[in-house]
Amino acid sequence: MAPSSSPTLRTTSEADEEKYANVKWEELGFALTPTDYMYVAKCRQGESFSQGKILPYGDISISPCSPILNYGQGLFEGLKAYRTEDDRVMIFRPDQNALRMQAGAERLCMTSPSLELFVDAVKQTVLANKKWVPPPGKGTLYIRPLLIGSGDTLGVAPAPENTFLIYASPVGDYHKVSSGLDLKVDHKHHRAHSGGTGGVKSCTNYSPVVKSLFEAKSSGFSDILFLDAATSRNIEELSACNIFIVKGNIVSTPPTSGTILPGVTRKSISELARDIGYQVQERDVSVDELLEAEEVFCTGTAVVVTAVETVTFHDKKVKYRTGEAALSRKLRSMLTNIQMGIVEDKKGWMVEIDRCQGW
Ligand code: COI
């Protein structure tokens, strides 16, 4: 936009045009709206990452023989930036995503960015794309860090080069539901097995769930719930988020023993539930218990905290408490009030995007 000769006389809409990208915020769903910039850093095997660059958002060039394309050697993260009423831009617990990427990199024999570099790179990406952070209450800026095996490896081996890339997109709700999700328990396929990669955010954990998800959605369900591969008796997680059940004062969620993603929202919600007097148990949760629960909800960066309205297991369908009276409603507002700066962040979870090394 051309500089105004008389800034004090500018109308609100002109000021907003500079402050915000041209997006129909009310229409946002969980789909890519490309922003202006992305962050890219590369590192050779045996070396460590140094500061990368902010580049215009766009396609990247990669070898057809790269480990990410051939063997799926890659990890991703998801976190969000929020605009507060007083116009600060905040991100939620980026250190947790950095540490989870490090754990995944160790599992996949990759080189991970340091915690400091990861957090600084996220800040740079958000600052560069600040006008894409939706107005308060109209969505969030979803940030997607990727660590991918680049270079060439025809044989199965650690990547000769790792690329750390971050892009971002303004988003709205992940699931379009009114009162809660309708879940189908998958009794045919499994998402993860003991000793596999279910406990890290490997790219390879996600494409195998698409068939089940697609079939469930085609039959009118909102999402799919996987059972453990060893016994098919215990619940694990949905296609892209963790699950909790509530009975009385006890909130239970499957343990992070290698087949469940250690969700940042899962961990935060467990802490908030304990703060208001619930007993939170991380333990095996059987399908039988799920079917007898009073309430079920799922958590994740994309889904935040979303109530489950029904679960279908074979030909049995169970309905759960949702709405105002549901614990999930309370926990969701406790969390989002912290994220949106509506209540004081006594936990030190929020990081303000004000400055960073490379910008
Ligand atoms: C997230 O919640 O950030 C996720 O990783 C889910 C994603 C696969 C949509």
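Predicted, not measured: the structure shown is a model, and the values here were computed from it. Within every chain, residues take consecutive numbers counted from 1 along the sequence as written. Whole-chain, interface and lining totals are the exception, using all residues; otherwise, since this is a predicted model, local features are given only for residues with pLDDT of at least 70 and side-chain atom pairs are given and counted only at 80 or more. Side-chain metrics rest on all non-hydrogen atoms present in the structure, leaving aside hydrogens and water.

Where do I start with the overall build of the protein chain in this structure?
Helix and strand assignments come from DSSP, with helices taken as H or I runs of at least 4 residues and strands as E runs of at least 2, each series counted from the N terminus. Looking only at helices and strands, the protein chain has eight helices and 17 strands in total. The atom set for the radius of gyration is the C-alpha atoms, and the globule formula is 2.2 Å times the number of residues raised to the power 0.38. Radius of gyration (C-alpha) of the protein chain: 21 Å, near the 21 Å computed for a compact globule of 359 residues. Projected onto the principal axes, the alpha-carbon positions of the protein chain cover approximately 65 × 55 × 40 Å. Between two residues, a contact is recorded if the distance between any of their heavy atoms is within 4.5 Å. Excluding contacts between residues fewer than 6 apart, the proportion of contacts in the protein chain whose partners are at least 24 apart in sequence is 71%. Here the accessible surface of atoms and residues is derived via Shrake-Rupley with a 1.4 Å probe, and residues count as covered only by protein chains that are part of the display. Carbon together with sulfur atoms contributes 50% to the accessible area of the protein chain, which is approximately 16600 Å² in total. Within this scheme the basic residues Lys and Arg register as positive and the acidic residues Asp and Glu register as negative, but His and the chain ends are omitted. In plain terms, the charge of a residue is placed at NZ if it is Lys, CZ if Arg, CG if Asp and CD if Glu. Considering the protein chain, the positive charge centre built from 40 side chains and the negative charge centre built from 43 side chains are found 1 Å apart.

What's the story with the site of the ligand in this structure? I'm lost.
If you check the shell around the ligand, you find Phe 30, Phe 76, Gly 78, Tyr 142, Arg 144, Tyr 174, Lys 201, Tyr 206, Ala 240, Thr 301 and Ala 302 and nothing else. A distance of 2.6 Å is found between an oxygen atom of the ligand and a side-chain nitrogen or oxygen belonging to Lys 201. Between the ligand and Thr 301 there is a distance of 3.3 Å, counted from an oxygen atom to a backbone nitrogen or oxygen. Think of it as three bins: nonpolar holds Ala, Val, Leu, Ile, Met, Phe, Trp, Tyr, Cys and Pro, charged holds Asp, Glu, Lys and Arg, and polar takes everything else, Gly as well. For the shell around the ligand, the residue count by class is seven nonpolar, two polar and two charged. Just so you know, the domain bounds were taken from an automatic or database domain assignment. For the shell around the ligand, the two domains that each supply at least three residues are domain 1 (14–171) and domain 2 (181–339). To be near a molecule or strand, a residue needs just one of its heavy atoms within 4 Å of it. Think of a polar contact as two N or O atoms within 3.5 Å of one another; within protein, one of them needs to be a possible hydrogen donor and the other a possible acceptor, and neighboring residues in sequence only count if both atoms come from side chains.

How should the packing of aromatic side chains be read in this particular structure?
Two numbers describe a pair of aromatic rings. These are the distance of the centres and the angle of the planes. In this scheme Phe, Tyr and Trp rings, the latter by its six-membered ring, pair at centre separations within 6.5 Å, and the angle between planes marks the pair as stacked below 30 degrees, edge-to-face above 60, and tilted otherwise. Counted according to the given criterion, the structure contains 10 aromatic pairs. Aromatic pair Phe 30 and Tyr 174: ring centres 4.9 Å apart, planes at 70 degrees, arrangement edge-to-face. Pair noted here: Phe 30 is in the loop between helix H1 (12–19) and strand S1 (37–44) and Tyr 174 is in the loop between strand S7 (161–171) and strand S8 (181–186), with a separation of 144 residues, a long-range link. Exposed residues in this analysis have more than 50% of their type's maximum accessible area, buried residues have under 20%, and partly exposed residues fall in between, with area computed by a 1.4 Å probe over protein chains only. For Phe 30, a relative accessible area of 28% gives the class partly exposed. For the ring pair Phe 92 and Trp 349, a centre distance of 5.6 Å and an interplane angle of 85 degrees mean the geometry is edge-to-face. Separated by 257 residues along the polypeptide, Phe 92 in strand S5 (residues 89–92) and Trp 349 in the loop between helix H8 (327–339) and strand S17 (350–352) bring together distant segments of the chain. The exposure class assigned to Phe 92 is buried, which follows from its relative accessible area of 5%. For Trp 349, a relative accessible area of 5% gives the class buried.

Honestly, the domain arrangement of the protein chain in this entry has me stumped. Any pointers?
Here the protein chain is described as being made up of domain 1 (14–171) and domain 2 (181–339). The distance between the C-alpha centroids of domain 1 and domain 2 comes to 26 Å. Facing 22 residues of domain 1, the contacting portion of domain 2 comprises 20 residues. In this assembly, domain 1 packs against domain 2 so that about 1800 Å² is buried in total across both faces, 63% of it on carbon and sulfur atoms. Counting every contact that joins domain 1 to domain 2 gives nine residue pairs in polar contact (both at pLDDT 80 or more). Looking at the side of domain 1 that touches domain 2, the elements with two or more residues in it are helix H2 (67–71), strand S3 (74–76), strand S4 (79–83) and helix H3 (94–107). Counting residues per element, the side of domain 1 that touches domain 2 draws most heavily on H3, which supplies six residues. By buried area we mean how much accessible surface two parts lose on assembly, using a 1.4 Å probe and totalling the loss over both.

Looking at this structure, how should I read the nonpolar core?
A general trend in soluble globular proteins is that nonpolar side chains are found buried together. Nonpolar cores were defined as sets of buried Ala, Val, Leu, Ile, Met, Phe, Trp, Tyr and Cys residues, with membership established by side-chain atoms within 4.5 Å. Residues Val 122, Val 126, Ile 143, Leu 147 and Phe 164 are the most contacted members of the largest nonpolar core, which totals 35 residues. Among the elements of the structure, S1, S4, S5, H3, helix H4 (115–128), strand S6 (140–150) and S7 are those that each provide at least two residues to this core. When residues of this core are assigned to their parent elements, the largest contribution, seven residues, is made by H4. Contacts of Val 122, omitting those with residues within four sequence positions, involve Leu 79, Ile 91, Ile 143 and Ile 166. In terms of nonpolar packing, the next biggest core, distinct from the first, is built from 23 residues, Leu 183, Leu 225, Leu 291 and Tyr 320 among them.

Looking at this structure, I do not really get the environment of Lys 53. What am I missing?
Position of Lys 53 relative to the elements: it lies in strand S2 (residues 53–56). For the pair formed by Lys 53 and Lys 42, sequence separation is 11 residues and the distance between their alpha carbons is 9.7 Å. Look past the residues within four positions of Lys 53 in its chain and what remains in contact with it is Met 38, Tyr 39 and Val 40.

Explanation requested: the environment of Gly 29 in the structure shown.
Turning to its location among the elements, Gly 29 is positioned in the loop between H1 and S1. Placed 146 residues apart in sequence, Gly 29 and His 175 show a C-alpha to C-alpha distance of 8.2 Å. Excluding anything up to four places from it in sequence, Gly 29 contacts Val 171, Gly 172, Asp 173 and Lys 176.

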